[in-house]
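Okay, here's what each chain looks like letter by letter:
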Amino acid sequence: MSEYTREEFLIATMSGLFGDGRFMVSGVNSPIPAAAGLLHEHQQPGFCVSIHGDPDRTPFVDGGVEPFDMAAQGRLDTFVFGGVQVDGQANINLVSIGDPKRPKKRFTGSFGAAGLYYLIPNIVLFFPSHSRRSLVQKVDFRSASPQAPEGAFRQGGPKWLLTDLCLFRFDPATGGFELASVHLGQTVAAIRDATGFDFVLPKDVPTTPEPDAATLSRIRGDVRDGLSVAYAQFAKDCIKTPGS
Amino acid sequence: MLAEQIKDGARLALPSENSGVPVAVVRALIARGARDLRLVGGPTGGFAIDLLVGAGCVASVEAAGVSLGPRGLAPRFCAAVEAGEIEMIDSTCPATHAGFIAGEKRLPFMAVRGVFGCDMLKNRSDWTVIDNPFPPHDPVVVVPAILPDVIALHAPMADEAGNVWVGNRRELKTMARAAKQVLVTVERIHPGNLVKDSAMAPGLLTTPYIDLIALAPCGAVPTALPPDYGPDDAMLDSYASAAKTREGFDGWLADFLGPDGAA
């Protein structure tokens, strides 16, 4: 039996990507990003995560528009986006599969991604089911794209793509991904097989570090407790109890 | 009855989930057999949009997202888009907010940060890129004003003077001021005039903006109405499960409308 759960590993790995910003918002249905934010609060003094669904962690008093204005003001540093598809140019799709006018499968919609893609400096793309169905050569619908006309205002954009198999780094200069690390037990060949887009392969690809004992204890203590309002079921199902 | 004010074919703005969704009005619209509504989410939608779409009341939906939140996809909405039964006009949250802000000010358009490169910008003929007229003359996405024919919203209270307290949902004030007609249901009537209460006044949509107010206790159920009540989880769970199929939805809707609610 593994010493940690898949979710605990992803929480620890994601939190390592949050950098030195001060403020993060975790969106609807985002237990792993919320947990990673809580963990990062311990690793980065001054960092704070707002969790959708937890009134004690929602510092917004001016309705739905306030987080977007805050992002434009440069006061929102970190955000995690998921979706149905991501392609090799970091376009993400939250809308549909097939022709969007008459899709084979319709999903939710783009929410705030198209605007926030230019405003938040540290954006992590999170696709926890790495396969050729989700990591594709070209998305069927671009909900958000980093491709802007010359001279367009930009104070942020996608930086990382984290999956259950590996971590990619986005290079804004080339507009593509580079393999940053592979998770324990994965190989470069397996990543290639499971990925629908081309990516840059450095000479040496490290293994993603495993969470250490102190990190796991933090996740099973303060982080687990911090999820009890918004994500109680997730905390119970996916995070081990303290001391286990 | 308040819902009779909403004509077939109207462009109807609705609050986002758990922000004052006028479920009692939605139910009356369905019972009446409303048709061809053009819904605008503020900026997203959930239970009420799925219900109206499933009941056949809707021609188009403009929204940045439609979902049942923690319960996943909005099943009747998704099925209707896949079948080509409704027109979906995809947006993104800050662009819809910008459209309502332009509408509130009766400006023709509003600029919005980012939004480049996405397929909403490519597909929507009403969104475009202009050059900032001032230095550094950078390209900027602009979207037109959203001027709904009517907005329906539910709020915790109105006072005796006809002011409606929407609390911290500022976008409801913006949306209402953008709309040509404003219909409000409330949980209760508060004695006195809240304009004089400096703690409450910032959360008011005041009388001059409002066309009709009706009392409708539990008028947002099963969606949440903070700070009055949370979501009715059992009712939303039963909806999410039933609405996965046409037959399940029809059965659920019949129960929801009750014996007097036949369309």
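As a reminder, the structure under discussion sits directly above these lines.
Residues numbered from 1 in each chain as written. Chains lettered and ligands numbered in written order. Predicted model: local features only at pLDDT ≥ 70, side-chain atom pairs only at ≥ 80, totals over all residues. Heavy atoms only, no water.

*Asks:* Even after reading the chapter, I still don't get the nonpolar core, so can you show me in this structure?
*Replies:* Where a protein is soluble and globular, its nonpolar side chains tend to be buried together. If you look at the biggest cluster of nonpolar residues, it comprises 53 residues, and the most contacted ones within it are A:F81, A:I92, A:Y117, A:L125, A:L161, A:F168 and A:F177. Residues contacting A:Y117, with those up to four places away along its chain left out, are A:F81, A:A90, A:I92, A:I123, A:L125, A:A144, A:S145, A:P146, A:G156, A:G157 and A:P158. Listed in part, the 49 residues of the second largest apolar core include B:I6, B:L12, B:V53 and B:F249. (Core = buried A, V, L, I, M, F, W, Y, C linked by side-chain atoms within 4.5 Å. Buried < 20%, exposed > 50% of the residue type's maximum accessible area, 1.4 Å probe, protein only. Contact = heavy atoms within 4.5 Å.)

*Asks:* Would you take a moment to explain the packing of helix α1 (residues 23-32) of chain B against helix α2 (residues 47-54) of chain B for this structure?
*Replies:* The relative placement of two packed helices comes down to the angle between their axes together with the axis-to-axis distance. Residues and elements named next belong to chain B. Two elements in contact, α1 and α2, have axes whose closest approach is 10 Å; the angle formed by their N-to-C orientations is 5°. Classified by the interaxial angle, the pair formed by α1 and α2 is roughly parallel. From α1, V23, V26, L29 and I30 reach across to α2, where they touch F47, A48, L51 and L52. Its residues assigned to classes, the contact of α1 with α2 shows eight nonpolar, no polar and no charged. (Axes fitted to C-alpha atoms, helices over the stretch in contact; angles between N-to-C directions. Helix = DSSP H or I, 4+ residues; strand = E, 2+ residues; numbered from the N terminus. Parallel < 35°, antiparallel > 145°, perpendicular 65-115°, else oblique. Nonpolar A, V, L, I, M, F, W, Y, C, P; charged D, E, K, R; others polar.)

*Asks:* Explain the interface of chain A and chain B here, please?
*Replies:* For interface size, the figure often reported is the accessible area lost on association. Opposite the 40 residues of chain A that make contact, chain B presents 38 residues. Across the chain A to chain B interface the summed buried area is about 3000 Å²; carbon plus sulfur atoms make up 58%. Scanning the region where chain A abuts chain B turns up three salt bridges. One salt bridge connects B:D119 with A:R142, and the closest N-O pair in it is separated by 3.2 Å. At the junction of chain A with chain B, the criterion picks out 17 residue pairs in polar contact (both at pLDDT 80 or more). Elements represented by at least two residues in the side of chain A that touches chain B include exactly β7 (105-106) and α4 (113-116) of chain A. (Buried area = accessible area lost by both parts, 1.4 Å probe. Salt bridge = Lys/Arg side-chain N within 4 Å of Asp/Glu carboxyl O. Polar contact = N/O pair within 3.5 Å; in protein donor to acceptor, adjacent residues only side chain to side chain.)

*Asks:* Can you walk me through the environment of B:N193 in this structure?
*Replies:* All names here are of chain B. Within the fold, N193 resides in the loop between β12 (182-190) and β13 (204-205). Taking the C-alpha atoms as reference points, N193 and E160, separated by 33 residues in sequence, lie 6.2 Å from one another. Once residues within four sequence positions are removed from consideration, N193 is found in contact with D159, A161 and N163. At 3.2 Å, the side chain of N193 and the side chain of N163 are in polar contact.

*Asks:* How do you make sense of helix α6 (residues 213-226) of chain A when you look at a structure like this?
*Replies:* Since there are 3.6 residues in each turn of an α-helix, residues three or four apart along the chain are aligned in direction. Residue and element names in this part refer to chain A. Between its terminal C-alpha atoms α6 stretches 19 Å, which fits the 20 Å expected from 14 residues at 1.5 Å a residue. Every buried residue of α6 is accounted for by T215, L216, I219, R220, G221, V223 and R224. Residues of α6 that are buried sit in contact with α1 (6-15), α2 (31-43) and α7 (232-238). (Expected span 1.5 Å × (residues − 1).)

*Asks:* Help me out: how do you make sense of the side chain of B:E187 in this one?
*Replies:* All names here are of chain B. With respect to the element layout, E187 can be found in strand β12. This buried residue, E187, is left without a salt bridge; R188 holds the nearest opposite charge, at 5.7 Å. For E187, the side chain forms a polar contact with the main-chain nitrogen of C218, separated by 2.9 Å. Beyond its immediate stretch of four places on either side in the chain, E187 contacts H154, A155, P156, L215, A216, P217, C218, G219, A220, L225, D228 and Y229. (Lys, Arg positive; Asp, Glu negative; His and termini not counted.)

*Asks:* Sorry if this is basic, but what is going on with the environment of A:G83 here?
*Replies:* All names here are of chain A. In this fold, G83 is placed in the loop between β3 (78-81) and β4 (85-87). Here the alpha-carbon distance between G83 and N93, two residues 10 residues apart in the chain, equals 5.7 Å. Apart from residues lying up to four places away in sequence, G83 is in contact with N93, L94 and F127.

*Asks:* Honestly, the packing of aromatic side chains in this entry has me stumped. Any pointers?
*Replies:* Within a pair of aromatic rings, the relevant descriptors are the distance that separates the centres and the angle that separates the planes. Taken as a whole, this structure holds 17 aromatic pairs over all chains when the rule is applied. It is B:R27 that lies over the ring of B:F256; its NZ or CZ is 5.1 Å from the centre. Positioned above the aromatic ring of A:F153, the side-chain terminus of B:R113 is 3.8 Å from the ring centre. (Phe/Tyr/Trp six-rings, centres within 6.5 Å; stacked < 30°, edge-to-face > 60°. Lys NZ or Arg CZ within 6 Å of the ring centre and 35° of its normal.)

*Asks:* Help me understand the pairing of strand β1 (residues 23-26) of chain A in this model?
*Replies:* Along any regular strand, the residues point their side chains to alternate faces of the sheet. All names here are of chain A. On β1, burial covers both faces: F23 and V25 on one face and M24 and S26 on the other are all buried. Sheet topology note: the β1/strand β2 (residues 48-51) ladder contains four bridges and is parallel. The residue bridging M24 from the neighbouring strand is V49, located in β2. In the classification by handedness, the crossover that spans β1, the intervening α2 and the parallel β2 is right-handed. (Pairing = 2+ DSSP bridges. Right-handed = clockwise from strand over helix to strand, strands pointing away.)

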